[in-house]
Amino acid sequence: MDLDIIEKFFLMYLKENKIEYEFKNKIYTVKFKKEDKQIYGTEIKCTFDKKTSEDNKINLIENGNFLLDNMIEKYNEKLFFSNLIVENQKEFIDDLDNKRNEIGKQNLSFSTEEKTEEFEYYLYEILLNSTSGREKIVKSLIYNKNICVDADGIEISHLKENKEVLEIKFQEEAGDELNNIIKNKITLFEKKHFEKINELSKIIVEHSEERYKELQQKEDKIRKDINKLREEIIRASTFNKKQTLTDKQKQLHKKLENLINKNKTKKAQLKKEHDFEQLALKSRDYSIHAKIIGVAKIKMPIFYTKYSDKSKYVYFPALNKIFNSKGQNVESEKEIIKKEKEIKREFKTPKVNYEKINQKLNKKVEFKKEITVEKKKISKPSMSNFI
Amino acid sequence: MKKIILETKLEKKPKELISQRQFSLNVIANKISVIEQVKKLIGMSEYKDKIQILKHQTDTALRVINNFPNRALLSDEVGLGKTIEAGMIIKEYIVRKYSKKILILTPASLAYQWQEEMRSKFNEYFHIPKDSEDYDHDKIIISIDTAKTDKHSQIIKGIYWDLLIIDEAHKLKNKETLNYKFVKTIQKERCLMLTATPLQNNIFELWALVDLLHPGFFQTLNKFQEKYVENEEGLQIKNPIELKQKLEKIMIRNLRRNVDIKFVERNINTHILDFSKEEMRFYTEAVSFIKKRYQEIKKIEKIEEEKQKEMSEEELKEMANKYRQKGLLTFRLIMLTRQITSSIQTAINALERYKEAVEDDKELIQLNYIIDMAKDIKKDTKLEALLKIVKKEKKKFIIFTSFVHTQKILQTELAINGFSTVIFNGKMNAKEKEVAIENFRNEKQVLICTDAGSEGRNLQFSNILINFDLPWNPMRVEQRIGRVHRIGQTLDVQIHNMAIKDTVESYILNRLYEKIKLFEVSVGEMDLILSQLKSKKNIENEIFESYIDEENKELNKDLMQAKTSAEDIKKLDGNIFDKNGLGHN
């Protein structure tokens, strides 16, 4: 967050609450009133400059600082209503000329109409929550029956209290417009959510593959031992030795058979677990929760510009922004289109490729065939084999 | 799947309009409060006046919320407030709207305690479900044993939980158990597992816990073994730094020596009392009766075990019924043995009730004789000794007894002697319990408490505890002491144990508790020692058998072995978590 805004808030807070302070060498010495002394003490020295804070060992005002947090808390936890006005100023016309350059339609002819209209201002808190994390954003919009635009960056210094008594009607339709305003944010958020799911899904796949591989390796270890014994049987010099080794090999075959049966259940269980985890991951949702935290009626001047190609634009001096007829900010219009193209929202569950693992393992070890052959030879030992 | 809730309607109509400056302050305050990291627990305003929050608890909650992958193993040593940490995280998730559907799985004995703690400390109302409709509530607490029954498990598995909390998670260390398999199938967005003893036998248990929490985090058991385990028993580790770094991403273990808490001392005063001649005569007769009854039960059991080999299915069923009855009888004998040393009045009451289960005339005559003997006793040695101990006491103190009957007697006697008292037991409802504790805190001098009602209560505003009768299960003693010897206690804790010489009480005190240094081991160690016991029997049964059957030395041996095994585990714990643990430094 911009430090200037925090400092602006800090000073505004002191003024509004009639708290005395001195400012010298980047250090604020704030003298608290009686009712605040219990919380802050008689006076607090603080600064917005990191170095000054370190050198003088005094409070650095930044997000998370106790003093700032308490100040914020006083103003950000209740619904507020206000009635404001933006008075017309000469420089608004000059600003409009600059903004027209951003549209880039210098060759076309245009006409501009100035109007003073009444708007509803809505400040929304939006909580986005997903696998990839949580985010809180605060968005504002101004709305009337003709136009609804993003009102972030409203120039507070332009606002004055409106002495006229206006009837404040709140427009529920403004809520529908919010969807459009935050669409871009949601799309990016969705993207992050699915990226995280894909990442977690990959871990689950790798984990399942490893566990499967380990089960398989136990079987292969016995196969290897059986093969080793086969060699030894062939090389055995006495009948007794051959017989002992054959018995041993028989036992290993039995062991392998049991293990294969046991692993069958384990592999099925493994697959079940894997599928469940993937399904659970897939069903992880993300949520968006928005609520109104502030409402104001603002009467303000706006400028409608109509070009010869029939395109229409509205300039809001209080926002220092120019919008097209859809309410899109001209500056960010192109950027949004670019970002939307980049976003891929498709999510596919990767699958454990058991066959591939089997192939890999068999290629490396290659025992299956030999064992079948050996089984035939060794299962019925006879003297003729050895003489 | 996505959930979008846009609250675009205003519930409140404007009453007061704010000025332009206030408008600006509101707009900026809301904008600058948008920070990526949660630096402040906004839910704290609701509980900071009810509980003393410690730095390590706030740090833990923030670390879990900010840095952990929606999964965390909270493994603080006992007494550092894991439940509080979990409560803080739950509260934060709720107020920040991260979690709505929340499930807490607990051991059966702790479900109500959790419910009470969440209500009284965090103002969050959790439901303990009885029927399927109860699952309409968002916040559920259920014992894991109930949860896995057919009636509940299908519903639980069918819900996608925003947050799952598993208390006493070390009970899930075995991958083959039904509990483990059940938990594995619960769909959850976030999961917190709580245990003070992540290591009870070997390091493989830690792997199993982490694998349940975050499958694949440590890869397979074999890979984990290759990388971090030195020996097959899993009691020695390698690459400790790497292991610790990895664990730090998913686990928090604050150690008592690393947190800013001054733990006070425990001063133990044991009062071994001599029964009067009449009392001892009564006691001997009563124990001899119990012994005889018990031997008879054993004899029948042995004969039936033999018969069992030739029995039909129906006969076996009938026998199973009988066994159940006998189990009950053995249990009653255990209770009787405990009650006859609690107080004479309690003994008479218990024996009178026991008569109802006796059919044999000879036995009835014997019982009546014992009861008459008790009724003739003029003085109650233990009660007199208690009055002597507390006579000059001006401070608040707590007396623990296992029996409601004894509780009543104590209340009357203490009132006669000029003490203001309040009672607390498991028969009272939540409201009555609250009132009782408040009365004790603000007004009354003595709290007379039974074990059943006191679990989870914070009574650290008193530092004197009297064990009028000693529970047989060492964990119960630990739980009693834990009420006063906990975070927030500023004075050394005085513990008075009362036991009668040459009875089961002194037997337990001298021959069992002394051996395992019950009153000296640090909090939490007792749980570790008991978990090492080889016998799967209930400890109270074991104590009873070893007391009744003098030749039975099994329990003694088992306890000593358990103590040695616990030492090995402590060493392993030290090697993994070293002096700083895995908490805040």
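Computed from a predicted model, the values in this text were never measured in an experiment.

Comments concerning the overall build of chain A
Helices and strands together make up the secondary structure of chain A, namely twelve helices and twelve strands. Within chain A, the proportion of its 387 residues that are buried is 25%. Summarising the internal contacts of chain A: among those between residues at least 6 apart in sequence, 68% fall at separations of at least 24.

Remarks on the overall build of chain B
Looking only at helices and strands, chain B features 23 helices and 13 strands. The burial tally for chain B puts 39% of its 585 residues in the buried class. Contacts in chain B between residues far apart in sequence, at least 24 positions, make up 77% of those at least 6 positions apart.

Digging into the sheet that holds strand E4 (residues 139-143) of chain B
Residues and elements named next belong to chain B. On the basis of which strands lie adjacent, the open sheet formed by six strands has the order E4-E3-E5-E6-E2-E7 and parallel pairing. Of all strands in the sheet, those with a lone pairing partner are E4 and strand E7 (251-252), marking the two edges. Judged from the five bridges that link them, strand E5 (residues 161-166) and strand E6 (residues 188-194) form a sheet pairing that is parallel. Considered in E6, the bridge of Ile166 is made with Met193. Along the sheet face, helix H3 (residues 82-95) touches strand E2 (71-74), strand E3 (102-106), E5 and E6 and points at about 165 degrees away from the line of E6.

What about the sheet that holds strand E3 (residues 43-47) of chain A?
All names here are of chain A. Overall, mixed pairing links the four strands, which are arranged E1-E2-E3-E4 in an open sheet. Whereas interior strands pair on both sides, the edge strands pair on one side only; in this sheet they are strand E1 (20-24) and strand E4 (59-60). Alignment of E1 against strand E2 (residues 27-31), held across five bridges, turns out to be antiparallel. Paired with Phe23 across the strands is Tyr28, a residue of E2.

A closer look at unusual backbone geometry
Residues and elements named next belong to chain A. For Lys26, which is not glycine, the phi torsion reads 65 degrees and is therefore positive. Look at Lys26 and you get partly exposed, because 13 C-beta atoms sit within 10 Å. A positive phi is found at Lys57, a non-glycine position, where the angle reads about 50 degrees. Within the element layout of this structure, Lys57 appears in the loop between helix H3 (50-56) and E4.

Examining the environment of Ile44(A)
Residues and elements named next belong to chain A. Residue position: Ile44 is located in strand E3. Note: C-alpha distance between Ile44 and Val30 (14 residues apart in sequence) is 5.2 Å. In this view, Ile44 contacts Val30, Asn59 and Leu67; residues no more than four positions away in its chain are not counted.

Things to note about the nonpolar core
Side chains of nonpolar character tend, in soluble globular proteins, to be buried together. Ranked by size, the top nonpolar core spans 68 residues in total, and within it Leu73(B), Ile89(B), Ile166(B), Leu192(B), Met193(B), Leu209(B) and Val210(B) carry the most contacts. Apart from residues lying up to four places away in sequence, Ile166(B) is in contact with Leu105(B), Leu172(B), Val183(B), Met193(B) and Leu194(B). Core analysis: the next-biggest nonpolar cluster, separate from the first, contains 60 residues, Ile154(A), Tyr315(A), Ile18(B) and Phe23(B) among them.

Re helix H4 (residues 66-76) of chain A
Listed in full, the buried residues belonging to H4(A) are Leu68(A), Met71(A), Ile72(A), Tyr75(A) and Asn76(A). When H4(A) is viewed along its axis, its buried side chains cluster within an angular range of 115 degrees and face the same direction.

A few points about the pairing of E3(B)
All names here are of chain B. Within E3, five of the five residues are buried, leaving the element largely enclosed by the surrounding structure. Covered by surrounding structure in E3 are Ile102, Ile104 and Thr106 together with Leu103 and Leu105, the residues of both alternating faces. Pairing geometry for E3 and E4, over five bridges, is parallel. Bridge pairing in E4 links Ile102 to Lys139. Read from E3 through helix H4 (residues 111-122) to E4, the crossover connection turns out right-handed. Inspection of the sheet shows E3 paired to E5 by four bridges, in the parallel sense. Opposite Ile104, over in E5, you have Ile165 as the bridge partner.

Some remarks on the packing of helix H13 (residues 344-355) of chain B against helix H14 (residues 361-375) of chain B
All names here are of chain B. Axis separation between H13 and H14 bottoms out at 10 Å; the angle between their running directions is 165 degrees. Here H13 is positioned roughly antiparallel relative to H14, judged by the angle of their axes. The two elements H13 and H14 cross, and the hand of that crossing is left-handed. Counting all contacts with H13, which are made through Ile344, Ala347, Ile348, Leu351, Glu352, Tyr354 and Lys355, the residues of H14 involved are Leu364, Leu367, Ile370, Ile371, Ala374 and Lys375. Here the contact of H13 with H14 is composed, by residue class, of ten nonpolar, no polar and three charged.

Quick look at the confidence of the model for chain B
Residue and element names in this part refer to chain B. Per-chain confidence: chain B averages 83 in pLDDT, with 87% of residues scoring 70 or above. In the model of chain B, strand E1 (residues 2-7) stands out as the element of lowest mean pLDDT, 64, in contrast to E3, which has the highest, 96. Of the two predicted TM-score estimates for the complex, the pTM is 0.64 and the ipTM is 0.72.

A short note on the environment of Ile399(B)
Residue and element names in this part refer to chain B. Along the chain, Ile399 turns up in strand E9 (residues 397-401). Distance from Ile399 to Val446, taken between C-alpha atoms, is 7.4 Å for residues 47 residues apart in sequence. Not counting residues up to four positions away in its chain, the partners in contact with Ile399 are Leu410, Val446, Ile448, Cys449, Ile466 and Phe468.

A word on the pairing of E2(A)
Because side chains alternate across E2(A), one face comprises the buried residues Tyr28(A) and Val30(A), and the other comprises Ile27(A), Thr29(A) and Lys31(A), none of which is buried. Here E1(A) folds back onto E2(A) in antiparallel fashion, the turn holding two residues, of which Asn25(A) has a positive phi close to 45 degrees.

Quick look at the environment of Asn65(A)
Structurally, Asn65(A) is set in the loop between E4 and H4. Leave out the neighbours within four places in its chain, and Asn65(A) touches Asn59(A) and Leu60(A).

Some words on the packing of H13(B) against helix H16 (residues 404-416) of chain B
All names here are of chain B. Between H13 and H16, the least distance of the axes is 9 Å, while the angle of their chain directions is 145 degrees. Two packed elements cross with a definite hand, and for H13 against H16 that hand is right-handed. Contacts between H13 and H16 pair Gln345, Thr346 and Asn349 from the former with His405, Thr406 and Ile409 from the latter.

Things to note about the confidence of the model for chain A
Considering every residue of chain A, the mean pLDDT works out to 78; 80% of them sit at 70 or more. Segment residues 361-387 of chain A is flagged for pLDDT under 50; beyond a separation of four residues in sequence, or across chains, it makes 21 contacts in the model.

Reading the values: rules and limits
Residues numbered from 1 in each chain as written. Chains lettered and ligands numbered in written order. Predicted model: local features only at pLDDT ≥ 70, side-chain atom pairs only at ≥ 80, totals over all residues. Helix = DSSP H or I, 4+ residues; strand = E, 2+ residues; numbered from the N terminus. Buried ≥ 20, exposed ≤ 12 C-beta atoms within 10 Å, placed from the backbone. Contact = placed C-beta atoms within 7 Å. Pairing = 2+ DSSP bridges. Axes fitted to C-alpha atoms, helices over the stretch in contact; angles between N-to-C directions. Core = buried A, V, L, I, M, F, W, Y, C linked by C-beta atoms within 7 Å. Arc of directions from axis to C-beta. Right-handed = clockwise from strand over helix to strand, strands pointing away. Parallel < 35°, antiparallel > 145°, perpendicular 65-115°, else oblique. Left-handed = near helix turned anticlockwise from the far one by under 90°. Nonpolar A, V, L, I, M, F, W, Y, C, P; charged D, E, K, R; others polar. pLDDT = per-residue confidence, 0-100.

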